[in-house]
Amino acid sequence: MARPIRETPILFGEDGRRFEEKMRNAKCTVTPEQYAVMYSHYKSVLASLERGEIARKNRLAQKNGAVAR
């Protein structure tokens, strides 16, 4: 059985100010080249999922005796 998730602590004082400052100054560490690679992988996964969904629908149509598109 899963363990319950503990409550998220609230930061006060210097810890809170330091955390807030770090969040304000956070910078994206992904270069445009890395982003392009990640986006191409994303598009290929979407295409693969779409092909799988079309194949699933065709199998279901054949099983039910309908004409597949």
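Residues numbered from 1 in each chain as written. Predicted model: local features only at pLDDT ≥ 70, side-chain atom pairs only at ≥ 80, totals over all residues. Heavy atoms only, no water.

Novice: I would appreciate a short explanation of the packing of aromatic side chains in the present structure.
Specialist: Ring pairs (aromatic) are described by centroid distance and by the angle formed between their planes. One pass over the full model with this rule turns up two aromatic pairs. Measuring from centroid to centroid gives 6.3 Å for Tyr 35 and Tyr 39, while their planes differ by 15 degrees, and the two rings are stacked. Linking Tyr 35 with Tyr 39, this pair stays in helix α2 (residues 32-63), spanning four residues, or about one helical turn. With a centroid separation of 6.1 Å and an interplanar angle of 35 degrees, the aromatic rings of Tyr 39 and Tyr 42 are classed as tilted. Within this pair, Tyr 39 and its partner Tyr 42 are both found in helix α2, separated by three residues, close to a single helical turn. The exposure class of Tyr 39 is partly exposed, given its relative accessible area of 40%. A relative accessible area of 48% places Tyr 42 in the partly exposed class. Through a chain of ring-to-ring contacts, three or more aromatic side chains come together here, namely Tyr 35, Tyr 39 and Tyr 42. (Phe/Tyr/Trp six-rings, centres within 6.5 Å; stacked < 30°, edge-to-face > 60°. Helix = DSSP H or I, 4+ residues; strand = E, 2+ residues; numbered from the N terminus. Buried < 20%, exposed > 50% of the residue type's maximum accessible area, 1.4 Å probe, protein only.)

Novice: Would you mind showing me how to read the pattern of salt bridges here?
Specialist: Enumeration according to the criterion identifies five salt bridges in this entry. Residue Arg 17 is joined to Glu 14 by a salt bridge in which the shortest nitrogen-to-oxygen separation is 3.7 Å. Residue Arg 17 and its partner Glu 14 are located together in helix α1 (residues 13-24), separated by three residues, close to a single helical turn. Residue class for Arg 17 comes out exposed when judged on its relative accessible area of 54%. The exposure class of Glu 14 is partly exposed, given its relative accessible area of 49%. It is possible to trace a salt-bridge network through shared partners that takes in Glu 20, Glu 21 and Arg 24. (Salt bridge = Lys/Arg side-chain N within 4 Å of Asp/Glu carboxyl O.)

Novice: Explain α2 to me, please; I cannot follow it from the model alone.
Specialist: Here α2 is 32 residues long and its end C-alpha atoms lie 46 Å apart, about the 46 Å a rise of 1.5 Å per residue gives. Gly 65 sits one or two residues past α2 and shows a positive phi near 85 degrees. (Expected span 1.5 Å × (residues − 1).)

Novice: Mind showing me how you'd approach the environment of Arg 59 here?
Specialist: Tracing the backbone through its elements, the reader meets Arg 59 in helix α2. Using a relative accessible area of 53% as the deciding quantity, one classes Arg 59 as exposed. Placed 36 residues apart in sequence, Arg 59 and Met 23 show a C-alpha to C-alpha distance of 49 Å.

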